[in-house]
Amino acid sequence: MEQTVRQQLSDYIVAHQEEFYRLAYSYVKNRDAALDVVQESIVKALAKSDTLRRPEYLKTWFYRILLNESMNHHRRAKRLVPLEDTLLETPAPARDPGERLDLYDAIERLDWKEQTVVRLRFFEDMKLEEIARVTNTNLNTVKSRLYKSLRRLRELTEEEC
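The shown structure was predicted, so the numbers you read here are calculated from the model rather than taken from an experiment.

### Side note on the overall build of the chain
Then, in step 1: Scanning the chain from N- to C-terminus turns up eight helices and zero strands.
Then, in step 2: When its helices and strands are written in sequence order, the chain yields α-α-α-α-α-α-α-α.
Then, in step 3: Looking at the chain residue by residue over its 161 residues, the buried ones come to 35%.
Then, in step 4: For the chain, restricting intrachain contacts to residue pairs at least 6 apart in sequence, the fraction spanning at least 24 positions comes to 65%.
Then, in step 5: Roughly 10600 Å² of accessible area belongs to the chain as shown, and the carbon and sulfur atoms make up 51% of that amount.

### Considering the nonpolar core
Then, in step 1: Ranked by internal contacts, the top residues of the largest apolar core, which has 39 residues, are F20, W61, F62, Y63, L66 and L120.
Then, in step 2: Elements represented by at least two residues in this core include exactly helix 1 (2-28), helix 2 (31-47), helix 3 (58-79), helix 5 (103-108), helix 6 (112-123), helix 7 (128-135) and helix 8 (139-157).
Then, in step 3: When residues in this core are grouped by element, the largest group, nine residues, is from helix 1.
Then, in step 4: In this view, F20 contacts Y12, I13, V38, F62, Y63 and L66; residues no more than four positions away in its chain are not counted.

### Section: the confidence of the model for the chain
Then, in step 1: Across the chain, pLDDT averages 83, with 81% of residues at or above 70.
Then, in step 2: Across the chain, element-level confidence peaks in helix 2 with a mean pLDDT of 94 and bottoms out in helix 4 (residues 83-88) with 48.
Then, in step 3: Low pLDDT, under 50, characterises residues 86-100; the predicted model gives this stretch five contacts beyond four residues in sequence or across chains.

### Details of the pattern of salt bridges
Then, in step 1: Inspection of every chain in the model, using the stated rule, returns nine salt bridges.
Then, in step 2: Linking R121 and D125 is a salt bridge whose minimum nitrogen-to-oxygen distance equals 3.6 Å.
Then, in step 3: Through salt bridges with shared partners, a single ionic network connects K29, E108 and R119.

### Comments concerning the layout of surface pockets
Then, in step 1: The computed volume of the largest pocket comes to approximately 190 Å³.
Then, in step 2: Listed by contribution, the elements that provide at least two residues to the lining of the largest pocket are helix 3, helix 6 and helix 7.
Then, in step 3: Looking at side-chain class alone, the lining of the largest pocket contains five nonpolar, four polar and three charged residues.
Then, in step 4: Residues lining the lining of the largest pocket come from more than one domain, with at least three contributed by each of domain 1 (1-85) and domain 2 (97-160).
Then, in step 5: Taken as a whole, the second largest pocket spans an internal volume of roughly 160 Å³.
Then, in step 6: Per-element accounting of the lining of the second largest pocket gives the leading share, three residues, to helix 3.
Then, in step 7: Counted by class, the lining of the second largest pocket contains three nonpolar, two polar and four charged residues.

Quick notes on the rules
Once a new chain begins, its residue numbering starts again from 1 and follows that chain's sequence as written. This being a predicted model, a pLDDT of at least 70 is required before a residue's local features are given, and a value of 80 or more before pairs of side-chain atoms are given or counted; all residues contribute to the totals for chains, interfaces and linings. Just so you know, side-chain values use all the structure's heavy atoms and leave hydrogens and water out. Secondary structure elements follow DSSP: runs of H or I no shorter than four residues count as helices, runs of E no shorter than two count as strands, and numbering proceeds from the N terminus. Partly exposed describes any residue whose relative accessible area lies between the buried limit of under 20% and the exposed limit of over 50%, with all areas from a 1.4 Å probe on protein chains only and scaled to the type maximum. Any pair of residues with heavy atoms lying within 4.5 Å of one another is described as a contacting pair. Only the protein chains shown count as covering a residue, and every accessible area follows the Shrake-Rupley method with a 1.4 Å probe. Side-chain atoms within 4.5 Å are what join buried Ala, Val, Leu, Ile, Met, Phe, Trp, Tyr and Cys residues into a set we call a nonpolar core. On a range of 0 to 100, pLDDT expresses the predictor's confidence in each residue. Each reported salt bridge corresponds to a side-chain nitrogen of Lys or Arg within 4 Å of a carboxyl oxygen of Asp or Glu. Method remark: on a 1 Å grid restricted to protein atoms, a set of points is classed as a cavity if a 1.4 Å probe fits but cannot get out and as a pocket if it is open with protein on both sides within 12 Å along at least five of seven lines; lining residues have an atom within 4 Å of a point. Grid points are joined across faces, edges and corners, and a volume is the space filled by probe spheres set on the points. Asp, Glu, Lys and Arg are counted as charged, while Ala, Val, Leu, Ile, Met, Phe, Trp, Tyr, Cys and Pro are counted as nonpolar; the rest, among them Gly, fall into the polar class. Residue ranges for the domains originate in an automatic or database domain assignment.

And the structure:
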């Protein structure tokens, strides 16, 4: 049984690696960091493949690992301050309130949990039930986060989503 789960996992990883990279990149915004996140996720998944009790949940199980790795990388990166930033210490230019936000910029302004729901729903085309399993969240909570996020995105972009 273990060999078949490991083989299913390997086949799944090979078939969906571009999707994993795209999701990781949407969090870390750096090519090399996204590749590192995907690689770490694959290593962890292969090492823990024996913990997958139900092979039909392979997708949600792997996406949970990928999301956790993306969030861990994001947290670690927030603690690091590039040397250039400390030397230049110039304030960021003020954004013109009349300037329209790009949708991707607007998504970045959402709460982390809301970003996750939006990315999984619209970038990864997951069903709400799958998102609930991946994020280990109640289905109704996922729905309310999605609707709240969409309202906030409409406000931020000042147009219908």
